[in-house]
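So the chains spell out like this:
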Amino acid sequence: MAHESAITKIVVGVDGSDASLEALRQAQELADPFNAQIEAIACWEFPQMYDGYVLVGIEGFQESAAKILNQSVERVYGPETPRNVKTSLVQGNPKSSLIKASENADMLIVGRRGRGAFSGLHLGSVSSACIAHAKCPVLVVHAPETGTKD
């Protein structure tokens, strides 16, 4: 019986946070032994507006997300992006976009930007939605600890 790699594609949600940078690092650690591909995805969407009310300065969301994605990949991997890393810019809500991307992935990795014991429990976070609805295993990564606690 032929042996197939258990992991061929890892999708990573990238938003520029320390937790998402750590998610990219973890993705590479997991991808290397399996020779797996990584798809780093940044999502963007226009803000919701009321009927007939137009906000000034709503342009630039796509460009901002692209900049964050490119800077994040460079911060993690340096000026030479590994050959197994592909970046994708997706217009849409991060929750639904990452869940959709999980349909064609072997693993989804997202960062968690917890803000303490209580506020970190808020419903509707991207990581919670991915855990509940992704079509593949999900790894939730916390930002690396900075400093020491007394």
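What comes next concerns the included structure. The structure displayed is predicted, hence computed values, not measured ones.

Conventions adopted
- Residues numbered from 1 in each chain as written.
- Predicted model: local features only at pLDDT ≥ 70, side-chain atom pairs only at ≥ 80, totals over all residues.
- Heavy atoms only, no water.
- Helix = DSSP H or I, 4+ residues; strand = E, 2+ residues; numbered from the N terminus.
- Buried < 20%, exposed > 50% of the residue type's maximum accessible area, 1.4 Å probe, protein only.
- Contact = heavy atoms within 4.5 Å.
- Areas by Shrake-Rupley, 256 points an atom, 1.4 Å probe, with all protein chains shown as cover.
- Core = buried A, V, L, I, M, F, W, Y, C linked by side-chain atoms within 4.5 Å.
- Salt bridge = Lys/Arg side-chain N within 4 Å of Asp/Glu carboxyl O.
- Expected span 1.5 Å × (residues − 1).

### Remarks on the overall build of the chain
Then, number 1: When you go through the chain residue by residue, the secondary structure sums to 4 helices and 5 strands.
Then, number 2: Along the chain, helices (α) and strands (β) appear in the sequence β-α-β-α-β-α-β-α-β when read from the amino end.
Then, number 3: By the burial criterion, 36% of the 150 residues in the chain qualify as buried.
Then, number 4: Restricting to contacts in the chain with at least 6 residues of sequence separation, those with at least 24 account for 76%.
Then, number 5: Surface summary for the chain: the accessible area is close to 9800 Å², and the carbon and sulfur share equals 52%.

### So, the environment of Leu24
Then, number 1: In this structure, Leu24 sits in helix α1 (residues 18-34).
Then, number 2: A relative accessible area of 0% means that Leu24 is categorised as buried.
Then, number 3: Separated by 53 residues in sequence, Leu24 and Tyr77 place their C-alpha atoms 8.8 Å apart.
Then, number 4: In this view, Leu24 contacts Val12, Val14, Ala40, Ser72, Val73, Val76 and Tyr77; residues no more than four positions away in its chain are not counted.

### Looking at helix α3 (residues 94-101)
Then, number 1: Looking only at α3, the buried set comprises Ser97, Leu98, Ile99 and Ala101.
Then, number 2: Residues of α3 that are buried make contact with β1 (9-13), β2 (37-44), β3 (85-91), β4 (107-112) and α4 (126-133).

### Describing the nonpolar core
Then, number 1: If you look at the biggest cluster of nonpolar residues, it comprises 21 residues, and the most contacted ones within it are Ile10, Val12, Leu24, Ile38, Tyr77 and Ile109.
Then, number 2: If you list the elements that add at least two residues to this core, you get β1, α1, β2, α2 (61-77) and β4.
Then, number 3: Among residues more than four places away in sequence, those in contact with Ile38 are Ile10, Val12, Ala27, Gln28, Ala31, Tyr77, Asn84, Val85 and Lys86.
Then, number 4: Judged by nonpolar contacts, the second largest core, of 13 residues, contains Cys43, Ala105, Ala134 and Cys136.

### Structural notes on the pattern of salt bridges
Then, number 1: This model, assessed by the stated rule, comprises 4 salt bridges.
Then, number 2: Where Arg25 meets Glu22, a salt bridge forms, and the shortest distance between an N and an O atom there is 3.3 Å. Of this pair, Arg25 and Glu22 both sit in helix α1, 3 residues apart, which is roughly one turn of the helix.
Then, number 3: For Arg25, a relative accessible area of 35% translates into the label partly exposed.
Then, number 4: Here Lys100 ties to Glu103 by a salt bridge, and the two come within 3.4 Å at their closest N and O atoms.

### Considering unusual backbone geometry
Then, number 1: With a phi close to 55 degrees, Asn35 is a non-glycine residue in the positive phi region.
Then, number 2: By the secondary structure assignment, Asn35 is in the loop between α1 and β2.

### Here's the deal with α1
Then, number 1: With 17 residues, α1 should cover 24 Å at 1.5 Å per step; its first-to-last C-alpha distance of 25 Å lies within 8% of that length.
Then, number 2: Ala19, Ser20, Leu21, Glu22, Ala23, Leu24, Ala27, Gln28 and Ala31 are the residues of α1 that are buried.
Then, number 3: Positive phi shows up at Asn35, right after α1, with a value of about 55 degrees.

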